[in-house]
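# Structure at a glance
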Amino acid sequence: MKYFAPSLFLLTALAFAQPVLAHDTTDSVVRGTKHFGERVLISGLAGPWEVTWGPDDRLWVTERTGKRVSRIDPVSGDQSVAITLSEVSAPGAQDGLLGMALHPELLQGTGNEYVYVAYTYVDEGEGAVSAVSDTNSPYRYLYAKIVRLSYDEADGTLSNPVDLITGLPTGNDHNAGRLKVGPDNKLYFTNGDKGNNQITNFCQPIEAQRLPTQQELDDENYVSYVGKSLRLDLDGSVPDDNPEIAGVVSHVYTYGHRNPQGIDFGPDGTLYSTEHGPKTDDEINILKPGSNYGWPHVAGRQDDNAYVYARWADATTPCADLQWENVGIDPSVPLEAESAFTKAFVPPIATLFTVESDYDFHDPACGSINFICFPTVGASSVEYYRSEGEGIPGWDQVLLVTTLKRGSLYVAPLNAEGQATSGHMRRYFQSENRLRDTAVSPDRKTIYIATDSSGLAEAVGGGVTKTMRNPGAILAFTYEGEGTAGEDAMTDLPRRSEPTPHGAQTAASGREGAAGMPPRFTAGQAAIGKTAYKSYCAVCHGNTMTDGAFGTPLAGEYFEGEWSGRTVADFYVYAKTMPPESPGSLPDSTYVEIVAYVLQINGFEAGDAKLPLESEALGRMTIR
């Protein structure tokens, strides 16, 4: 069931539902059915990174490579540049002008007319310590800092930059950089692990577990602040009530992080965070003071699924003589299972996504750029959302998570206490974009999303694209109404009216099987079907059938709406149309076995009787 043609993909947005599903696997994601109108508010921005709604009813935006803070009219899209920060250095893809936070009393007449920004800069002065040994590297003396700017309402400009903290460690990868003012009037900042232990940094050890010493803190040496979240007073100092970790009270609030690019507060002060995983397990976390989040020993939960900690720097073969591979580990590299980590750590409340250890990471759809096809989504931000009785119905308490690789907004519902996810995640706005950050209008009905100017993302028809649909833009998605399970509410995809994929009609199509017998198949058929599915179908439909990345989801929310009451013959005929480039290319018995496996995944139990090959017999079986 492999297929890549975009026109075929757009017409096949079916889904199924599984009776009981883990909330952090791809099985937990279904296509959302709410309808949104979309418009491009502004385009041509130089890497919009942070977007937030201001007290002046403007969108405040940072541009990562443009080095600007702007105010944008949410109706007309008119841009007013408040300041250009020439000190910003942006030599790569994860540095430059990053996070921004507005003082909670901005424009309230209290004198606190302040805006806080975080960015990377170059410091080659006395005492500067090089982050890399390559003397020609643009990252050699690259650091991060947090700066306070003063706002002049009369002319709409920012000025008078005041350094709050400087010399924060950074690198050519995983700089995180999200900045927020909490309800306690403290600054919260995320800093990644610099991308060590992978790609060009594979010989550099990860130091996300390293904690600052008192001497380092006294010397204002922040080398240990990688892989951490920080909590600062508004003047940059260490708050007196910060957690004491390993005997030291520093700026460190939490540790053991990989690349935590998103943070946001709930109304009760709960601090939510999103974090990039390696090949699996992007995380949604709740950050608790002084806590360890496990990286690099644990990715996601401590389940020993599809992740081991490979210590490249400790290889028996000198690391410099090795070749790092995206989907392979040299035999000389020591490996550590997640279960070997015995220290206390806080697991995520959800992952995007966890897969089994036999998952095949070699995806031909992505060629040599395999990481785009990995079951991570590139979680780039998080925003707490609640409808408050007038916003988007049903979103009473959810997290909005933008994604870079998947070009989508994931909506994760929370339980009543806001301390765990509850129910299916839903996927919206899939397009060939890299979605960076969100802001929500005061009426709670419009979601503004910033998009990257360039990069790599999942192509809608499968594989990888380097061409962004809306490069450097702010997109506005306004709620228009509710859909149904038979409709595809992805804004950039056409509404589907065909009763079967590609508009195909069959003799068994329709609802005439509503009074028929339940499906039957054997465990042996499902087992053979699983092997066949993973060989021929998983490349498009995903190993768990529901991420819908390259093809029709085959499990998820729409089982009742699309296939309940239909016959097994309907689905068998549909299965034989795959893959589109060579339908019917497999033996009939193989299609039957794949159908058996799909039925099993959707909650049907195997029995003693085989699923037959005859169309008439299949037509007497009803999917319920």
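In short, a report on the structure. (Residues numbered from 1 in each chain as written. Predicted model: local features only at pLDDT ≥ 70, side-chain atom pairs only at ≥ 80, totals over all residues. Heavy atoms only, no water.)

### Looking at the pairing of strand β18 (residues 271-275)
Our working rule: The buried label goes to any residue with under 20% of its type's maximum accessible area, the exposed label to any with over 50%, and the partly exposed label to all in between, with areas taken from a 1.4 Å probe on protein chains only. The helix and strand labels rest on DSSP assignments: H or I over at least four residues marks a helix, E over at least two residues marks a strand, and numbering proceeds from the N terminus. When DSSP finds at least two bridges between two strands, those strands are taken to pair.
Within β18, 5 of the 5 residues are buried, which leaves it mostly tucked inside the rest of the structure. Covered by surrounding structure in β18 are Leu271, Ser273 and Glu275 together with Tyr272 and Thr274, the residues of both alternating faces. Of the pairings in the sheet, the one linking strand β17 (residues 262-265) to β18 comprises 4 bridges and is antiparallel in character. Directly across from phenylalanine 265, in β18, lies its bridge partner leucine 271. Pairing between β18 and strand β19 (residues 282-286): 4 bridges, direction antiparallel.

### Overview of the state of the cysteines
Quick note on the threshold: Here, a disulfide means two cysteine sulfur atoms that sit within 2.5 Å of each other.
Following the criterion strictly, the structure yields 2 disulfides and no others. In this model cysteine 203 forms its disulfide with cysteine 319; the gap between the sulfur atoms is 2.1 Å. Around the S-S axis, the bridge from cysteine 203 to cysteine 319 shows a dihedral of about -100 degrees and counts as left-handed. Placement of the pair is cysteine 203 in the loop between β12 (187-191) and α2 (214-218) and cysteine 319 in the loop between β20 (308-310) and β21 (335-337), with a sequence separation of 116 residues. Take cysteine 203: its relative accessible area is 26%, and that puts it in the partly exposed class. In the chain, the cysteines engaged in disulfides, taken in order along the sequence, are linked 1-2, 3-4.

### Concerning the packing of aromatic side chains
So the rule is basically this: Only rings of Phe, Tyr and Trp enter the pairing, Trp through its six-membered ring, and a pair is recorded when the two centres are within 6.5 Å. The plane angle decides the type: under 30 degrees is stacked, over 60 is edge-to-face, the rest tilted. Here, a charge over a ring means that NZ of Lys or CZ of Arg falls within 6 Å of the ring centre while also lying within 35 degrees of the ring normal.
Counted under the stated rule, the structure contains 23 aromatic pairs. Centroid distance phenylalanine 36 to tryptophan 395: 6.0 Å. Interplanar angle 35 degrees. Geometry classified as tilted. With phenylalanine 36 in strand β2 (residues 35-42) and tryptophan 395 in the loop between β23 (379-385) and β24 (398-403), this pair connects stretches of sequence that are 359 residues apart. Of the two residues, phenylalanine 36 and tryptophan 395, neither departs from the other in class, the shared state being buried. Clustering of aromatic rings is evident, with ring pairs tying together Phe36, Tyr385, Trp395, Tyr428, Phe429, Phe477 and Tyr479. Between the NZ or CZ atom of lysine 145 and the centre of the ring of tyrosine 121, over which it lies, the distance is 4.5 Å. Directly above the ring of tyrosine 114 sits arginine 148, whose terminal nitrogen or CZ lies 4.3 Å from the centroid.

### Some thoughts on the nonpolar core
Burial of nonpolar side chains together is a common tendency in soluble globular proteins. What counts, and what does not: We define the nonpolar core as a collection of buried residues of types Ala, Val, Leu, Ile, Met, Phe, Trp, Tyr and Cys that are connected through side-chain atoms lying within 4.5 Å of one another. The contact rule is simple, with two residues in contact once any of their heavy atoms fall within 4.5 Å.
Tyr533, Val595 and Leu611 are the most contacted members of the largest nonpolar core, which has 30 residues in total. Mapped by element, the contributors of at least two residues to this core are α3 (523-536), α6 (568-575) and α7 (588-601). At 8 residues, the largest contribution of residues to this core is made by α7. The residues contacting valine 595, other than those within four sequence positions of it, are Val568, Phe571, Tyr572, Ala575 and Leu611. In this structure, Leu168, Leu179, Leu230 and Tyr255 belong to the second largest nonpolar core, which totals 22 residues.

### So, the packing of α6 against α7
The cut-off we apply is this: The angle between two axes is taken between their N-to-C directions and runs from 0 to 180 degrees, where each axis is a line fitted to C-alpha atoms and a helix contributes only its stretch in contact. Throughout this description, any angle smaller than 35 degrees is read as roughly parallel, any larger than 145 degrees as roughly antiparallel, any in the 65 to 115 degree range as roughly perpendicular, and the remainder as oblique. Should the near helix be turned anticlockwise from the far one by less than a right angle, the crossing is termed left-handed; should it be turned clockwise, right-handed. Nonpolar residues are Ala, Val, Leu, Ile, Met, Phe, Trp, Tyr, Cys and Pro. Charged residues are Asp, Glu, Lys and Arg, and all others, Gly as well, are polar.
At a minimum axis distance of 10 Å, the contact between α6 and α7 shows a crossing angle of 120 degrees. Regarding the angle of α6 to α7, the classification is oblique. By crossing handedness, the relation of α6 to α7 is classed as right-handed. Contact residues: Val568, Phe571, Tyr572 and Ala575 in α6; Asp588, Tyr591, Val592, Val595 and Val598 in α7. When grouped by side-chain class, the residues that make up the contact of α6 with α7 number 8 nonpolar, no polar and 1 charged.

### A short note on the side chain of threonine 465
What counts, and what does not: Residues adjacent in sequence count toward polar contacts only when both atoms are side-chain atoms; beyond that, a polar contact is any pair of N or O atoms within 3.5 Å, and within protein one must be able to donate a hydrogen and the other to accept it.
Along the chain, threonine 465 turns up in strand β30 (residues 464-465). Polar side-chain contacts of threonine 465 include one of 3.1 Å to the backbone nitrogen of threonine 467.

### Let's talk about α3
For clarity, the threshold we go by: Every helix has an expected span of 1.5 Å times one less than the residues it contains. What the arc describes is the spread of directions from the helix axis to the C-beta atoms.
Its 14 residues give α3 an end-to-end C-alpha distance of 20 Å, which sits within 8% of 20 Å, the value for a rise of 1.5 Å per residue. By the burial criterion, the buried members of α3 are Gln525, Ala526, Gly529, Ala532 and Tyr533. Along the axis of α3, the buried positions cluster into a sector of 125 degrees, meaning they face one direction only.

### What to know about α7
Taking 1.5 Å as the rise per residue, α7 with 14 residues should run 20 Å; its terminal C-alpha atoms sit 20 Å apart, in good agreement. Counting buried positions along α7 yields 10 of 14 residues, so the element is predominantly enclosed. Buried within α7 are the following residues: Thr590, Tyr591, Val592, Glu593, Ile594, Val595, Ala596, Tyr597, Val598 and Leu599. The secondary structure elements touched by the buried residues of α7 are α3 and α6. Positioned one or two residues after α7, glycine 603 has a phi angle of 95 degrees, which is positive.

### Here's the deal with the pattern of salt bridges
Stated formally: Salt bridges are identified by distance alone: a Lys or Arg side-chain nitrogen within 4 Å of an Asp or Glu carboxyl oxygen.
One pass over the full model with this rule turns up 24 salt bridges. Glutamate 87 is paired through a salt bridge with lysine 145; the nearest N and O atoms lie 3.0 Å apart. One end of the pair, glutamate 87, is in the loop between β6 (79-84) and β7 (97-102); the other, lysine 145, is in strand β9 (residues 142-152), with 58 residues separating them in the sequence. Looking at glutamate 87, the relative accessible area reads 37%, which means it is partly exposed.

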